[in-house]
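# Fold and contact review
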Amino acid sequence: MGLQLCFILPAAITFVTMEHGVTYIRNVWYMAAWEEEIEGDSLLARRLLDKPWVIFRKADGSYAMLGNLCPHRFAPLSQGRRKGDTIACPYHGLEYDAAGLCTRNPFSDLIPPHARVDAPPVVARHRGVWFWAGDADKADPALIPDFSAIEVEQPMVHGRTLFPAHYEIITDNLIDLSHTEFIHEDSFRMNGKFLAGQYSGDEDETGAIWSRWAFYDTPRPAWLYGVAADARMDEWLDMRWHAPASMLLEVGFTLAGRPREEAPVPAFVNPHILTPETAETTHYFYTRQPGEEAEAMTRQVFEMEDLPMLEAIQHALGASAEGAAFWDLKPVVLNIDAAAVRVRRRLMKLRREEAG
Amino acid sequence: MGLQLCFILPAAITFVTMEHGVTYIRNVWYMAAWEEEIEGDSLLARRLLDKPWVIFRKADGSYAMLGNLCPHRFAPLSQGRRKGDTIACPYHGLEYDAAGLCTRNPFSDLIPPHARVDAPPVVARHRGVWFWAGDADKADPALIPDFSAIEVEQPMVHGRTLFPAHYEIITDNLIDLSHTEFIHEDSFRMNGKFLAGQYSGDEDETGAIWSRWAFYDTPRPAWLYGVAADARMDEWLDMRWHAPASMLLEVGFTLAGRPREEAPVPAFVNPHILTPETAETTHYFYTRQPGEEAEAMTRQVFEMEDLPMLEAIQHALGASAEGAAFWDLKPVVLNIDAAAVRVRRRLMKLRREEAG
Amino acid sequence: MGLQLCFILPAAITFVTMEHGVTYIRNVWYMAAWEEEIEGDSLLARRLLDKPWVIFRKADGSYAMLGNLCPHRFAPLSQGRRKGDTIACPYHGLEYDAAGLCTRNPFSDLIPPHARVDAPPVVARHRGVWFWAGDADKADPALIPDFSAIEVEQPMVHGRTLFPAHYEIITDNLIDLSHTEFIHEDSFRMNGKFLAGQYSGDEDETGAIWSRWAFYDTPRPAWLYGVAADARMDEWLDMRWHAPASMLLEVGFTLAGRPREEAPVPAFVNPHILTPETAETTHYFYTRQPGEEAEAMTRQVFEMEDLPMLEAIQHALGASAEGAAFWDLKPVVLNIDAAAVRVRRRLMKLRREEAG
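If you're wondering where the values come from, they're calculated on a predicted model, not measured in any experiment. (Residues numbered from 1 in each chain as written. Chains lettered and ligands numbered in written order. Predicted model: local features only at pLDDT ≥ 70, side-chain atom pairs only at ≥ 80, totals over all residues.)

## Some words on the overall build of chain A
What chain A contains, in helices and strands, is five helices and 17 strands. Taken against the 2.2 N^0.38 rule, which gives 21 Å for 356 residues, the C-alpha radius of gyration of chain A at 23 Å falls within 12% of a compact globule. Counting all 356 residues of chain A, 41% fall into the buried class. Counted over contacts in chain A with a minimum sequence separation of 6, partners at least 24 positions apart contribute 57%. (Helix = DSSP H or I, 4+ residues; strand = E, 2+ residues; numbered from the N terminus. Rg over C-alpha atoms; globule rule 2.2 N^0.38 Å. Buried ≥ 20, exposed ≤ 12 C-beta atoms within 10 Å, placed from the backbone. Contact = placed C-beta atoms within 7 Å.)

In structure tokens, the structure reads:
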């Protein structure tokens with residue numbers, strides 16, 4: 001592989017004493033939940049971007065998301081009661097509609113005219129519920145990244161895990177899959193594929209950033225049907241990123257030397273969508289095959305292998321996980337970090353733009 | 001009910017980043033413990049107003065309260081040994097009397113002349129042990145709020161629960177009992193009594209603040225003996241507040257339209273006395289009937305219904321639970337908050353006066 | 001005993017709001033681990049002076065200690081894999097040698113030239129692994145305090161306990177053994193020996209500080225063989241201190257009135273070596289006899305008696321455990337604190353010198 005860019009971490013840096021703020025990017029779509037997570041008339045309480053929210057499905061099948069603090073005494077509306085498309089506060093019964101406006105005061109016919117809670121734009125798409133965290137008039141649903149590839153015929157489990165790390169630390173992990181060779185050595189047994197692979201990171205005209213690995217002339221994986229047992233294969237792993245941390249992985253195979261259009265089986269696609277819960281914890285949305293085996297594999301890879309590593313890194317970095325603070329640590333940068341570096345730069349740019 | 005005063009909580013306020021100090025009101029009596037809590041010669045360790053204290057009963061039956069840190073090596077005296085009305089430090093044996101003065105140095109006949117610990121004025125009254133947190137020369141026992149009504153003949157359990165919330169959040173809860181209609185819907189089954197009731201908040205010439213609910217021409221409660229089964233009743237709930245958070249609830253009944261003097265049964269009285277442990281935790285002193293049923297009811301109402309709600313509000317408000325910081329959040333104010341608003345204003349006034 | 005120096009703790013001081021920094025002394029040897037703790041090819045992860053480290057034994061039997069964060073993505077090297085005297089990072093496989101230099105990049109023949117981790121001077125001595133936390137060119141092994149007395153023939157257990165307190169709080173405890181009379185009353189049954197003993201604190205020409213207790217003309221301890229049952233004994237307890245907190249206790253006996261040279265049995269020696277883990281937690285290295293009885297005694301004395309007391313003091317002092325902040329509390333000082341005061345002053349002097 002090509003030229004390495006290398007920087008050094010100063011020897012005696014004390015991470016814990018460095019303090020930097022966390023700044024959430026606002027004018028962007030975040031996934032709040034999978035549709036599957038919101039059962040019937042239930043009220044789903046979830047912390048997102050360090051604020052409490054309640055999410056529910058309306059009678060017409062669309063979704064609403066409200067700030068989860070009643071502005072009277074700051075009680076959590078999610079512990080209240082659904083009445084049609086409104087929620088009655090569990091503390092003193094003030095009722096709020098799906099637009100966040102107070103529609104009933106049980107102690108008076110007079111409705112407090114200024115009582116309301118936040119109600120950001122919400123759109124259901126690709127099995128997920130997305131919300132816009134910034135100016136409502138900029139909330140164009142066409143800006144939701146295209147995850148139509150995951151809306152497949154076969155039944156899939158739409159899973160979520162809470163990771164104890166800043167979303168940029170998790171993005172570093174996902175955007176460069178070469179770590180599979182090491183952390184997931186026992187699970188995936190790559191046997192050096194990545195060490196012999198070709199890597200590139202780039203971005204396209206739509207603003208997506210791509211991290212691409214290609215393995216040429218490798219043996220056919222045992223589980224790949226429809227190809228001769230002794231066939232030689234080319235393989236590609238393309239991870240596509242959209243701000244702030246919505247990723248789609250495509251894994252495909254062709255007979256060695258053949259173009260992608262001639263792939264004997266459709267490419268496999270997996271969403272890896274991250275939404276910050278707090279500065280140090282992140283909702284990780286994924287899909288997997290149903291069944292105990294796939295569940296066990298997911299638990300092994302996510303919770304036993306990735307999670308402890310990312311938690312350790314979060315502990316080491318603290319508030320230096322984000323933005324300029326990360327670069328202040330002068331991390332060593334390798335060629336395989338090309339996409340990761342582009343992502344971190346893009347996020348810094350977006351934060352600067354929103355700061356004006 | 002009358003005109004609503006309504007304010008609004010700004011949409012995107014981030015509670016967790018707001019930082020305000022907590023200021024304890026000093027020149028006031030606080031309950032430190034029920035007398036029942038101090039068994040025999042025991043040393044009761046308790047954090048009050050964010051400082052550690054040790055409380056014990058002297059040979060003459062009166063009580064002493066000492067700062068719980070030996071000024072030599074800062075060991076907790078409560079882990080030491082009683083010797084008459086003195087405590088020997090568990091670490092190096094320095095002994096302190098009930099006035100906080102060092103009376104023995106086991107390593108020398110010379111007593112460290114300046115060694116002493118705090119010993120605020122303490123008075124036992126109405127089954128409780130009260131202490132004065134301010135200037136000792138202002139500690140007039142006549143200023144202890146009158147809880148003689150709770151010194152009843154029948155045996156009562158004197159209970160204490162630690163609530164994970166600032167005492168003003170708990171006061172908001174107690175001073176306005178309309179929340180009973182919602183949080184305690186399953187326990188108390190008020191069935192809309194409060195929604196049809198009359199409310200007023202006022203203060204009397206002694207400085208007490210009153211929150212009063214009245215329900216007119218209602219059915220006789222099933223448990224109210226001595227009244228015809230089909231009688232119509234008037235009912236009153238009066239919560240009396242003294243600074244900083246010592247409350248007494250009186251619940252009474254008359255035949256509909258008759259004056260209180262003609263009440264067929266004596267009014268029921270219950271203390272609700274709050275003393276801050278820290279900025280975010282509070283000792284809640286109460287009484288209840290003996291027996292498993294009353295214990296289960298108390299646990300249900302306090303620990304299962306009120307506590308989670310108040311904990312959630314504390315989590316949302318953080319340091320904005322107190323003083324001006326609370327009003328900075330521009331909470332919606334309803335008519336039923338008349339007494340709560342008076343209490344919060346009084347506390348701000350007292351803090352300002354003590355700050356000079 | 002002689003004149004008492006007495007100061008007073010101001011009555012209403014609020015410890016928790018006082019904030020002072022913790023400053024680690026750098027140009028000094030610290031014990032990182034007992035050799036026994038590093039088994040075979042294992043990688044020992046340990047936080048020391050509030051930084052993460054990994055310690056291992058090299059093929060030649062000597063030891064290496066490396067900063068435990070790979071400078072690429074800050075993964076803990078201790079979760080990686082040994083390859084001879086190098087460690088491969090568990091995340092992306094970068095390899096580091098015992099000098100902290102990157103020796104292999106699995107994705108390229110090009111080694112990141114500036115990639116390295118800290119590798120302080122390390123020396124194995126007196127069964128322990130010691131490291132120098134300051135300028136490497138000042139790391140003279142001759143400055144390691146002499147603990148050769150503990151390298152005895154008989155098999156000893158080399159133990160370590162993590163204490164939840166700043167090392168100065170623990171030093172206060174160890175440097176003045178008179179607390180044995182109180183905290184360890186049930187375990188050691190001193191029965192007033194210290195109250196009748198003679199105490200002095202001094203320092204020698206090598207810079208060591210000594211805390212000395214002497215008990216004259218006392219009964220022979222039942223367990224002391226080789227002396228007549230009715231013999232009268234003199235006893236000495238000498239605790240020797242070297243910066244920052246490496247202590248050696250010597251306990252000896254002579255027939256009453258005889259010089260130390262005529263001691264009928266060799267003196268007993270015990271190391272009490274403290275190395276800060278963080279500002280509020282400390283590694284405590286000790287030795288004890290093998291066997292269940294000695295283990296139970298150690299657990300009783302350390303974990304049941306000393307530890308809760310020191311934890312309570314840490315909780316009370318917070319960041320005031322160290323340096324000038326401690327004296328700002330105006331602690332009462334007794335004659336028995338002579339060595340403790342010298343130690344605290346020495347540490348302040350060393351910190352001032354290193355600050356320049």
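## Description of the interface of chain A and chain B
Counting residues at the interface gives 24 residues for chain A, matched by 27 residues for chain B. Its residues assigned to classes, the side of chain A that touches chain B shows 14 nonpolar, six polar and four charged. (Nonpolar A, V, L, I, M, F, W, Y, C, P; charged D, E, K, R; others polar.)

## As for the relation of the copies chain A and chain B
Each copy of the sequence occupies a distinct position, and chain A is placed on chain B by a rotation of 120° and an axial shift of 0.1 Å, giving an RMSD of 0.0 Å. The operation mapping one copy onto its partner corresponds to a three-fold rotation axis. (Least-squares fit on C-alpha atoms with pLDDT ≥ 70 in both.)

## Examining the packing of helix α1 (residues 167-175) of chain A against helix α5 (residues 338-355) of chain A
All names here are of chain A. Closest axis-to-axis distance for the α1/α5 pair is 9 Å, and the angle between their directions is 150°. If you check the angle between α1 and α5, you find them roughly antiparallel. For the pair α1 and α5, the crossing hand works out as right-handed. Contacts between α1 and α5 involve Glu 168, Thr 171, Asp 172 and Ile 175 from the first element and Ala 339, Ala 340, Val 343, Arg 344 and Leu 347 from the second. Split into classes, the residues belonging to the contact of α1 with α5 amount to five nonpolar, one polar and three charged. (Axes fitted to C-alpha atoms, helices over the stretch in contact; angles between N-to-C directions. Parallel < 35°, antiparallel > 145°, perpendicular 65-115°, else oblique. Left-handed = near helix turned anticlockwise from the far one by under 90°.)

## Some thoughts on the pairing of strand β2 (residues 44-48) of chain B
Note that β2 of chain B and strand β3 (residues 51-57) of chain B share five bridges and pair antiparallel. If you follow Leu 44 of chain B over to β3 of chain B, its bridge partner there is Ile 55 of chain B. (Pairing = 2+ DSSP bridges.)

## Overview of the domain arrangement of chain A
Residues and elements named next belong to chain A. Looking at the assigned domains, one finds that chain A contains domain 1 (29-143) and domain 2 (153-355). Here the C-alpha centre of domain 2 lies 32 Å away from the C-alpha centre of domain 1. Every contact between the two is made by 12 residues of domain 1 and, on the other side, 10 residues of domain 2. Residue assignment for the side of domain 1 that touches domain 2 shows that the elements contributing at least two residues are β1 (29-34) and β2 (44-48). Of the residues contributing to the side of domain 1 that touches domain 2, the split by class is six nonpolar, one polar and five charged. (Domains from an automatic or database assignment.)

## Section: the interface of chain A and chain C
Often the size quoted for an interface is simply the accessible area lost on bringing the parts together. Counting residues at the interface gives 25 residues for chain A and 24 residues for chain C. Tallying contributions element by element places helix α3 (residues 292-317) of chain A first for the side of chain A that touches chain C, with five residues. Residues belonging to the side of chain A that touches chain C are distributed by class as follows: 19 nonpolar, four polar and two charged.

## Observations concerning the sheet that holds strand β4 (residues 63-67) of chain C
Residues and elements named next belong to chain C. If you trace the three strands from one edge of the open sheet to the other, you get β2-β3-β4, paired in antiparallel fashion. The open sheet has two edge strands, β2 (44-48) and β4, and neither has a second partner. Taking each pair of neighbouring strands and ignoring which way they run, the sheet shows an average axis angle of 30°.

## Structural notes on α3 of chain A
Over its 26 residues, α3 of chain A extends 35 Å from the first C-alpha to the last, a length consistent with the 38 Å expected when each residue adds 1.5 Å. Of all the bends found along α3 of chain A, the most pronounced is centred on Leu 307 of chain A and spans about 40°, while Pro 308 of chain A, a proline, follows it within four residues. In this structure, the buried side of α3 of chain A is in contact with β11 (157-163), α1 and α2 (185-188) of chain A together with β3 (51-57) of chain C. Trailing α3 of chain A by a residue or two, Gly 318 of chain A shows a phi angle of about 55°, which is positive. (Expected span 1.5 Å × (residues − 1). Bend = angle between axes of the 7 residues up to and from the residue.)

## Let's talk about the sheet that holds strand β10 (residues 128-132) of chain C
All names here are of chain C. Read across the open sheet, the three strands follow the order β1-β10-β9; overall the sheet is antiparallel. The sheet terminates laterally at β1 (29-34) and β9 (122-125), the two strands that pair on one side only. If you compare each strand with its neighbour and ignore which way they point, the axes differ by 30° on average. Alignment of β9 against β10, held across four bridges, turns out to be antiparallel. When the sheet's bridge partners are listed, Ala 124 is paired in β10 with Val 129.

## Concerning the pairing of β4 of chain C
For a regular strand, the rule is simple: side chains alternate between the two faces of the sheet. All names here are of chain C. Burial within β4 is extensive, with five of its five residues counted as buried. Sheet topology places β3 next to β4; five bridges connect them, and they run antiparallel. The partner of Val 54 across the bridge, within β4, is Leu 66. The turn joining β3 and β4, which pair antiparallel and follow one another in sequence, is formed by five residues; a positive phi near 90° is taken by Gly 61.

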